[in-house]
Amino acid sequence: MPLLTIERLNVTFATRQGRVKAVKNISMSISNQEKLALIGETGCGKSIVAQSILRLLPKNAQINGRILFQGRDLLLVDEKTMASIRGKEIAIIFQNPSLALNPVYTIGWQVGEPFRIHQGANRNQSIQESIRLLSYMRFDKPGSAVKMYPYEFSGGMNQRALIATALALHPKLIIADEPTQGLDRTLIKQIIEQLDRARKIHSSSMMLITHDLTVAQSISDWIMVMYAGEIVEQARTRDFFQSPLHPYSQGLLGSLPKNGFHPIPGQSPSMIENLQGCQFHPRCKWAKEQCLNDKPELLSLNRRLVRCFLYG
Ligand SMILES: Nc1ncnc2c1ncn2[C@@H]1O[C@H](COP(=O)(O)OP(=O)(O)O)[C@@H](O)[C@H]1O
Ligand SMILES: [Mg+2]
């Protein structure tokens, strides 16, 4: 049985402008110790998938579908159970460490929080655990680092502190939402390596959300591509980078600097309007009559999935 199975997840927002369909009928699963990278342009619905799993969606969201974690539907469990799963069995690392950390508390107090919340540790015990975690994340002087405040650290150090916090209680699933956003290339590599090392030691599974294909390629087993709230392709990472099938995936790869930096023309459709046919057709050089009128299904081809009429 997979660790996490999402079945037909739909998330819409009621707004003054109309109903925003942020996530449309998404299904996926992650097995033990597997690493899945969820990729796609900003605004395509990636973070909403993460927030759905943790039940952290904004109030104006309407959600339906099933999110089975170790067989239990997270959309049905009570808030108390959910609170015990959040941060303990499923950990999340957010994209902006300076927002996730509270400026008025020391790093040690914040990194030690899971031990106080979930294990009843006292102040001293939780600080001791922080020191252990920070040394684990290769901080030079963890004993002094715990006494410092977030503003005294670089963005990279704060992110490492947050990774330490996320892994504190050996979560079964780590959700990392753009964990390297805003960091420079050398730091990105370091952070991703440390994250993966820590994940491996705890035998956790991971959902990595990123719009950085290089990061996705370096760490994942599976790639899942979202476009305008839908899954358009899913494949083993190696297969995906060798031969992306969906024209959107091909466009994403073509826009990488090493592939000549050819951005995909146009922009993704509004999530409010109901665009007929394939959601990608206005930007697709292969678009034919059928693509304008009919909606392609997600096809299964040699252990891959693709939503495009080019393949059947
Ligand atoms: N509270 C909200 N109310 C209305 N629309 C929202 C809200 N939160 C997110 N959205 C919309 O949902 C879509 C998906 O957002 P998100 O998952 O954050 O994208 P990303 O792929 O960049 O993480 C976006 O188009 C965004 O405008
Ligand atoms: Mg996001």
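Read on for a plain summary of the structure. (Residues numbered from 1 in each chain as written. Chains lettered and ligands numbered in written order. Predicted model: local features only at pLDDT ≥ 70, side-chain atom pairs only at ≥ 80, totals over all residues. Heavy atoms only, no water.)

1. Describing the site of ligand 1
The full set close to ligand 1 counts 14 residues, and G43, G45, K46, S47 and I48 are the nearest of them. A distance of 2.8 Å separates an oxygen atom of ligand 1 from a polar side-chain atom of S47. N60 is positioned with one of its side-chain polar atoms (N or O) 3.2 Å from a nitrogen atom of ligand 1. In the complex, 70% of the free accessible area of ligand 1, which totals 560 Å², lies under the protein chains. The dominant element in the shell around ligand 1, judged by the number of residues it contributes, is helix α1 (residues 46–53), at 3 residues. Looking at the shell around ligand 1, its residues break down into 6 nonpolar, 6 polar and 2 charged. (Near = heavy atom within 4 Å. Polar contact = N/O pair within 3.5 Å; in protein donor to acceptor, adjacent residues only side chain to side chain. Areas by Shrake-Rupley, 256 points an atom, 1.4 Å probe, with all protein chains shown as cover. Helix = DSSP H or I, 4+ residues; strand = E, 2+ residues; numbered from the N terminus. Nonpolar A, V, L, I, M, F, W, Y, C, P; charged D, E, K, R; others polar.)

2. Quick word on the sheet that holds strand β2 (residues 18–30)
Spatially, β2-β1-β4-β5 is the arrangement adopted by the 4 strands of the open sheet, whose pairing is antiparallel. Because the sheet does not close on itself, it has two edges, and the strands there are β2 and β5 (72–73). Pairing of strand β1 (residues 4–15) with β2 involves 9 bridges; the strand directions are antiparallel. Within β2, the residue paired with I6 across the bridge is M28. (Pairing = 2+ DSSP bridges.)

3. As for the environment of L299
Structurally, L299 is set in strand β11 (residues 299–301). When its relative accessible area of 25% is taken as the criterion, L299 is described as partly exposed. The sequence separation of L299 and F69 amounts to 230 residues, and the corresponding C-alpha distance is 25 Å. Not counting residues up to four positions away in its chain, the partners in contact with L299 are R304, L305, V306, C308, Y311 and G312. (Buried < 20%, exposed > 50% of the residue type's maximum accessible area, 1.4 Å probe, protein only. Contact = heavy atoms within 4.5 Å.)

4. Quick word on helix α12 (residues 247–254)
Counting buried positions along α12 gives 7 out of 8 residues, so the element sits mostly inside the fold. For α12, the full list of buried residues reads P247, Y248, S249, G251, L252, L253 and G254. Each element contacted by the buried residues of α12 is listed here: β3 (35–39), α10 (213–219), β9 (222–227), β10 (230–236) and α11 (237–242).

5. Digging into the nonpolar core
Counting 38 residues, the largest nonpolar core has L4, M28, V49, I53, I90, I175 and M207 as the members making the most contacts within it. Ranked by the residues each element gives to this core, the list is headed by β2, at 6 residues. Setting aside its immediate chain neighbours within four residues, L4 contacts M28, S29, I30, I53, I67, L68, F69, L173 and M207. (Core = buried A, V, L, I, M, F, W, Y, C linked by side-chain atoms within 4.5 Å.)

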